[in-house]
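Analysis of the macromolecular model
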Amino acid sequence: MVSKAKSIALYGLEGILIEVEADVFKGEERFDIVGLPDTAVKESKERVHSAIKNTTGNFPYTTITVNLAPADVKKEGAYLDLPIAVTILRAVNNKLIRDIGSTVFIGELSLEGRLRPISGILPIVLFAKKQGLKRIVLPSENAKEASLVSGVEIIPVGSLKEVIEYLSGADIDPYPFTQFNPAEHGEYVNDLKYVKGQAVAKRALEVAVSGGHNMIMVGAPGSGKTMLAKCIPSIIPDMTFDEALETTAIYSVYGTLDKSEGVISKRPFVTPHHTSTNVAMVGGGANSKPGLVSLAHNGVLYLDEMPEYTRQTLECLRQPLEDGVITVARAKATIKYPADFMLVASMNPCPCGNYGSTTAECKCTDTQIRKYKAKISGPLLDRIDIQIHVDNVLYDDLVKENLEESSEAVRKRVNKARLIQRERFLGEGITCNAQMREKHLIKYCSLSKEDEQLLKRSFEVLGFSARARSRILKVARTIADLDYSDNIETKHLLEAIGYRNSDIDK
Amino acid sequence: MSYDRDELAVILLDSMMGLEYKNKIAILDRLDSPKQLFSQDDYVTEVIYSVLPESKANTVASAFNENYLNHVVTKLESRNVRVITKYSENYPESLQNVDCPPLCLYCNGNVSLLEEQKIFAVVGTRKCPSDVLRLTKDFASQLSEAGLCLVTGSAGGVDSAVIEGALPSEKIISVVAGGINNVYPAYNKQLIERVEKFGLVISEQPPDFEVKPWLFPVRNRIIAGLAEGVLVAAGKRDSGARHTATFALEGGKDVFAFPYSIDVSYGELPNSLIKSGAHLCDDVNDILETMRVDVKKVASVKLEGDEKTVFSLIKDGVILADDLVERSGLKSYEVATVLTKLELGGFIARAAGNTYKAIK
């Protein structure tokens, strides 16, 4: 007798509906799985064997053929254990009568028949919803993560025994839908109130975070670039539900999602080491996993000492910076992962770090400085909207008892500015100023005649490349949003011009 | 382009890179005129063999024939190089007075610039902050607009700033240390090509001569020699610009220098020059008056409100943006706005880092 069950496989973040069929008939004792299974899937027959035997007391010693359709797609991982076990059980036991035509089974089995959680459950549930499937039976540890999606019934099961009871008619309460709440803001170790001085850099940080602008900080070692960067999580705007879903899906596939949390509600802050390989950065490898740029999706990618990264690694960032997506082409498949992050980078002004310092002398030659700066290519620099210098803080400033503004106050302004942007771009397919394209610039960043002249003059006097224009306009738009101004005024434009530094550009 | 026989003889002699300057001069000094070299009579041969060791003398003695001459001249013409020799009519008189006047000037560009009435040199270090470069560029453009022809080197930093400032008025001479085909540093090649097009590039060495460190001070004597006055924009105590200033002082020319506070390394040379008698220069008119060029009066712009507050703070020596925020009592975004306004108005320039300097 042949029985069928549905399951879902993942390629990147894309789902594919898998139909598992089992045929059990009298004959010699053998158990085959066909339909392009990989090693983990092939091994699942051992797990399924033991799990069924240890749950029901016996295993049908006959000929068993399991087919995974469509047969031309390679199946990976252990998540098909449960649907395979279900089809075998239903093929031999006619008491398991529940209609499972619109149910997805997913989960890894232990030898004693318990269900183990799998990674990537959120994109699977999202795909099930898209396919119009009504419910999904999954390991109870995955339930919280899955319950973020409304409209699909989540049936959490702890063991194969529960599954058998469920199939024979016993009801299991569906896991309740989890309302998404943005992360609670507790006390931050790195809070702007602990950063003394640096008024200019703090303001630039606020503007960058508000509009999602990429930013580079140039400054001598010890000037506080890293400290400022570490404060970003404390002022970053709250995530929307959709953003949280996207980011959670990536972490789910990557396999580092905290199962008890269920959802990532804080924007990720990813700090790759400068020895990271290209594959680690953009994704790929044998399993075509997402890379660090995708893990930073909807969050921040922080590159400390940017010129220390290999040039190739840095150039890899160009596509995601431009399109918000990274396409990983490997032998088996071409997979797209979202990678829309805010790039924050820091660098020294020269190899020794003291160029331009008011307190120490620079020992580098002209050529050394040129070479150092040249590691960051023009096209990459063009994608960084805000370029600022961070100066050394003097001892006196450090011990001053001045009360600095807290991250909480800054975050409130940032959230408001983001809200303005989201409302403005409703239906445009973008969410923040940094994502604006040429057509949005024309629509939302018109300048008065005088300001247009002013901008032109700034190009002549300060020697910007023509490509800097759109960057300046975007930043000016964000500054105007922080000021609750509908139009970009002269003061906004002037401030925005100040955030482009021809010193690094040259 | 045509040369007389004297010029051709000197060009040919100078094209032999194995010869030292003093040998070439020694040969030429003992002849009535350079064209005698072509005659190959006994006296000339005797002169050549008495000055040079035999191996070199053999080469030189056999080189003065029409074939080799054609080869050398065609090569120069293919590279658009016009040679002005010590025996040419248009050889700059100012160079006759320098130590070891160059035998040949290999020129590419507008040669008539060498006949300009007033040539003025602006020199300085390769490495100094962008506010100094901005100031230098402003000075260069004003000086060249006022009618001075500027002469400088070919390096980055101050040299490039001078070239960029003076290019629009097309009154710029760049003296390169090596041959014209070997511009140093390589990253400045495009800039120097623009000078070839709109100004003049000259070198004392044949086009393919390689750049050597010792050529730079040697080159500097030409810069100092051509100019009636020299402005030293910036440099450390041991900067190469020191040679230019020394040559100029020895030649009795006016030397100007920007003043600096005592703790900036790139201000060491200008300050020490001022101490030893150079003109302190903080206004273009200082130079224009001394060089007897019409002084132009610029209407001064009055600043008001926040701009005035911030500008006077910068003039008082508050240069860090963060300090400006604190001292002015303004919000950091207000200061950012004012700073850009002042920068666009040409009142201040951004130095390295987040520091600002007044340049007006």
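What comes next concerns the included structure. Because the structure is a prediction, the values reported are computed rather than measured.

On to helix α9 (residues 189-198) of chain B. Residues and elements named next belong to chain B. Listed as buried for α9 are L191, I192, V195 and E196. What you see down the axis of α9 is that its buried residues fit within an arc of 150 degrees, all on one side. Across α9 from its buried face, at more than 90 degrees, point the exposed residues Q190 and K197.

All names here are of chain B. Within the open sheet, the 9 strands sit side by side as β1-β2-β6-β5-β4-β3-β7-β8-β9. Their pairing is mixed. Whereas interior strands pair on both sides, the edge strands pair on one side only; in this sheet they are β1 (82-85) and β9 (279-280). Strand direction decides the pairing type here: strand β4 (residues 149-152) and strand β5 (residues 172-176), joined by 3 bridges, are parallel. Counted as the bridge partner of V151 is I173 from β5.

The interface of chain A with chain B comprises 32 residues on the first partner and 29 residues on the second. Taking both partners together, chain A and chain B bury about 2700 Å²; carbon and sulfur atoms supply 55% of that area. At the surface where chain A touches chain B, the tally comes to 8 residue pairs in polar contact (both at pLDDT 80 or more).

This next bit is on the pattern of salt bridges. Tallying each qualifying case throughout the model produces 31 salt bridges over all chains. One salt bridge in this structure joins A:R47 and A:D81, with 2.6 Å as the shortest N-O distance. Highlighted residues: A:R47 in helix α1 (residues 39-56) and A:D81 in helix α2 (residues 81-92), separated in sequence by 34 residues. For the pair A:R47 and A:D81, a shared accessibility class is recorded, and that class is buried. We note a salt bridge from B:K24 to B:D14, for which the minimum N-O separation is 2.9 Å. Note that B:K24 is positioned in helix α2 (residues 21-29) and B:D14 in helix α1 (residues 5-14), a separation of 10 residues in sequence. A relative accessible area of 8% places B:K24 in the buried class. Judged by its relative accessible area of 5%, B:D14 is buried. Residues joined by salt bridges that share partners form a network here, namely A:E28, A:R30 and A:D32.

Ranked by internal contacts, the top residues of the largest apolar core, which has 102 residues, are A:V66, A:L160, A:L303, A:M306 and A:L317. With near-sequence residues (within four places) excluded, A:L317 lies in contact with A:M281, A:V293, A:L301, A:L303, A:F341, A:L343 and A:L380. Grouped together as the second largest cluster of nonpolar side chains are 72 residues, B:V72, B:L76, B:V83 and B:L191 included.

A word on the sheet that holds strand β17 (residues 342-347) of chain A. Ordered in space as β11-β14-β17-β10-β18 (chain A), the 5 strands form an open sheet in which the pairing is parallel. Two strands bound the open sheet, and with one partner strand each, they are β11 (269-270) and β18 (386-390) of chain A.

Procedures and definitions
Residues numbered from 1 in each chain as written. Chains lettered and ligands numbered in written order. Predicted model: local features only at pLDDT ≥ 70, side-chain atom pairs only at ≥ 80, totals over all residues. Heavy atoms only, no water. Buried < 20%, exposed > 50% of the residue type's maximum accessible area, 1.4 Å probe, protein only. Helix = DSSP H or I, 4+ residues; strand = E, 2+ residues; numbered from the N terminus. Arc of directions from axis to C-beta. Pairing = 2+ DSSP bridges. Contact = heavy atoms within 4.5 Å. Buried area = accessible area lost by both parts, 1.4 Å probe. Polar contact = N/O pair within 3.5 Å; in protein donor to acceptor, adjacent residues only side chain to side chain. Salt bridge = Lys/Arg side-chain N within 4 Å of Asp/Glu carboxyl O. Core = buried A, V, L, I, M, F, W, Y, C linked by side-chain atoms within 4.5 Å.

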